[in-house]
Amino acid sequence: MPSVYIKTYGCQMNERDSEAVAAQLVARGWSLAPSEATADAILLNTCSVRDFAEQKAVGKMQNLAAETRRARPGVVLGFLGCMAQSRGRELIDRLPDVDLVLGTQKFHHTADYLADLLAGRRTKIVDVADESGSEAAIREHLLNGNAKKSVSAFVSIMQGCNQYCTFCIVPYTRGGERSRTIPDIVAECRQLAAGGVREITLLGQIVTSYGRRELPVRDGKSAFVQLLEAVHEIDGLERIRFTSPHPKGYGDDLIEAYGRLPKLCAWAHLPLQSGSDRILKLMHRGDTREHYAGLIAKLRRVRPGIGLTTDIIVGFPGETEDDFEQTLALCREVRFDNAYLFKYSERRDTPAALMPDQVPQTVREDRNQRLLTVINDIGREKYNDYLGRTVRILVEGPSKTNPARLTGRTSCNKIVLLEGAPRHLGQVLDVKVTRTGSFTLYADPAIVNL
Ligand code: 5AD
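Could you clarify how one ought to interpret the sheet that holds strand 12 (residues 267-269) in this entry?
Pairing between sheet strands relies on hydrogen bonds along the backbone, with the strands arranged either parallel or antiparallel. Strand order in the open sheet formed by three strands is 12-13-14, and the pairing between neighbours is parallel. Taken across any chain shown, the strands that pair with only one partner, and hence form the sheet edges, are strand 12 and strand 14 (338-343). Here the average twist between neighbouring strands, direction ignored, is 10°. Relative to strand 13 (residues 307-314), strand 12 is paired through three bridges, and the arrangement is parallel. Bridge pairing links tryptophan 267 to glycine 307 in strand 13.

Set out below in structure tokens:
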């Protein structure tokens, strides 16, 4: 029985794709190797969103070629996903030890291609073509392999993006928006719930665009809200989340859904990217700071205490000190629970890479640090506010850093660590926060529940 090791770079969509590939291989008789040291096939599922992510995967493959390949000549080496899609055959020209380059619409062919390579029927495979229907091919789960995934699962509802933000490579690596059908998604979620899953996160590059061309608005409800309602009906499911939306996709129907659907978690990840209208326009975001701030106010009105997180890029071409200060000011005004900060990274074939006034690296670093301080200070205050409070969490599994501890999350997506027992797994518990750390709450279930 051959074994595979998959290393994943990048976002939750990539994690989900890797899981589906692993599940597909297990169904075909493969085992999952605990590390690359013994695997018959090593696959790197790659990310292209920033240059650093690409460099990491290329460096890793160089390492595998130099060491693992030399020690075990029969091992199959492959690149999957976004960088495979955008670079294609060029990756084999650069790294001749690579056997397989598989694009983002081809994950479901992994088992067939690996079988061909292992049997020697083919020596190199590059497949980065478009494939209609591939958006519905990411469906298999590995519930038994991982305690966390058997409580909280990800479901891919769509692929691709049509927004064409000028900094972003995703429309070129993931293609245009393609959505699965509601019955197909609901069937997958039902099966997960029947297998014990309590929380589902609906995934897509731009989930609020779900089905907007295929499914007409009904009773004032967009396709995405219709999908939320359908998933909400599933018995046994406790919580629903989704990521990532676009702020302009938050129509009143979606805002109103937060007030109406109790399983919909009190959390929104709303990518801001910049607090300056001038930069937002250059980014082709289709959003303004006024709309963004208004949206936050509306969400807080329907769901007081809602957890709000965001993505921000600093040092976009042409960003002046004044633009950056507008980002700082908006962050102080909104008071995010957390924010993921990115230094602008030139991506080839994207319009922003060719824009004038590229910001020097030292300025990008400096703005990143300054913004990080603001985000961390606000985060600390917000987390400290929880001290002594009782919060309701879904217990997901052992903590990554200390397996003796359990980890769970509040509805507003705050991580809570606790000294629980295995019987707490998958339970919704009220726990008392006894300590706070960096973007983490520590709690004791005994104080409240027993
Ligand atoms: N440079 C820096 N950050 C980027 N992101 C996307 N493209 C780039 C880029 N070229 C960030 C955005 C996005 C997140 C997933 O990655 O903030 O929301």
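Structure's up, so let's keep going.
Help me understand the pattern of salt bridges, please; the structure alone is not making it clear to me.
Pairs can form between side chains of opposite charge once their charged atoms are near each other. Counted under the stated rule, the structure contains 44 salt bridges. Residues arginine 241 and glutamate 199 are paired through a salt bridge, measuring 3.1 Å at the closest nitrogen-oxygen approach. One end of the pair, arginine 241, is in strand 11 (residues 239-243); the other, glutamate 199, is in strand 10 (residues 199-203), with 42 residues separating them in the sequence. You'll find arginine 241 and glutamate 199 in the same group, each marked buried. Note that lysine 221 is salt-bridged to glutamate 229, the shortest N-O span being 3.0 Å. Of the residues examined, lysine 221 reaches a relative accessible area of 21% and is grouped as partly exposed. Through salt bridges with shared partners, a single network forms among Arg16, Glu19, Arg139, Arg180, Asp184 and Glu188.

It is not clear to me how helix 2 (residues 51-71) should be interpreted in this structure. Could you clarify?
Under the 1.5 Å per step criterion, the end-to-end length of helix 2 is 30 Å for 21 residues, consistent within 8% with the ideal 30 Å. The sharpest bend along helix 2 reaches about 35° and sits at leucine 64. Of the positions making up helix 2, those classed as buried are Ala53, Glu54, Ala57, Val58, Met61, Leu64, Ala65, Thr68 and Arg69. Lining the buried residues of helix 2 we find strand 3 (41-46), strand 4 (76-80), helix 3 (81-87) and helix 4 (90-94).

Teacher, can you tell me more about the state of the cysteines here?
Here is the idea: a disulfide is a covalent bond, and it sits between the sulfur atoms of two cysteines. Taken as a whole and judged by the stated rule, the model has zero disulfides. Unpaired in terms of disulfides, cysteine 47 finds its nearest cysteine sulfur in cysteine 11, a separation of 6.4 Å. Of the cysteine sulfurs around cysteine 82, a residue in no disulfide, the closest is that of cysteine 47, at 6.5 Å. Among the residues examined, cysteine 82 registers a relative accessible area of 7% and is labelled buried.

What exactly am I supposed to notice about the pairing of strand 16 (residues 406-410) here?
Both faces of the sheet carry side chains from a regular strand, because those side chains alternate between them. Counting buried positions over the five residues of strand 16 gives five, a clear majority of the element. A two-sided burial pattern is seen for strand 16, the buried positions comprising Leu406, Gly408 and Thr410 on one face and Thr407 and Arg409 on the other. Judged from the five bridges that link them, strand 15 (residues 390-398) and strand 16 form a sheet pairing that is antiparallel. Its bridge partner lying in strand 16, leucine 394 is registered against arginine 409. Sheet analysis places strand 16 next to strand 17 (residues 415-418), joined by four bridges and oriented antiparallel. From the neighbouring strand, threonine 407 faces strand 17, where its bridge partner is leucine 417. Following strand 16, the chain reverses through four residues before pairing antiparallel with strand 17; asparagine 413 in that reversal takes a positive phi of roughly 75°.

Definitions and cut-offs
In every chain, residue numbers begin from 1 and rise along the written sequence. Owing to the predicted nature of the model, reporting of local features is limited to residues with pLDDT of at least 70; listing and counting of side-chain atom pairs is limited to 80 or more, with chain, interface and lining totals taken over all residues. Note that water and hydrogens are dropped before the side-chain values are worked out from all heavy atoms of the structure. When DSSP locates at least two bridges between a pair of strands, those strands are taken to pair. Put simply, DSSP marks the helices as runs of H or I at least four residues long and the strands as runs of E at least two long, and each gets a number from the N terminus on. All axes here are fitted lines through C-alpha atoms, helices being fitted over the stretch that makes contact, and every angle between N-to-C directions spans 0 to 180 degrees. For this analysis, a salt bridge means a side-chain nitrogen from Lys or Arg found within 4 Å of a carboxyl oxygen belonging to Asp or Glu. Think of it in three bands: residues with accessible area under 20% of the maximum for their type are buried, residues over 50% are exposed, and the middle band is partly exposed, with areas taken using a 1.4 Å probe on protein chains only. For a helix, the expected span equals 1.5 Å multiplied by the residue count minus one. A residue's bend is the angle separating two fitted axes: one through the seven residues that end there, the other through the seven that start there. Here, two residues are considered to be in contact whenever any of their heavy atoms come within 4.5 Å of each other. What counts as a disulfide here is a pair of cysteine sulfur atoms lying within 2.5 Å.

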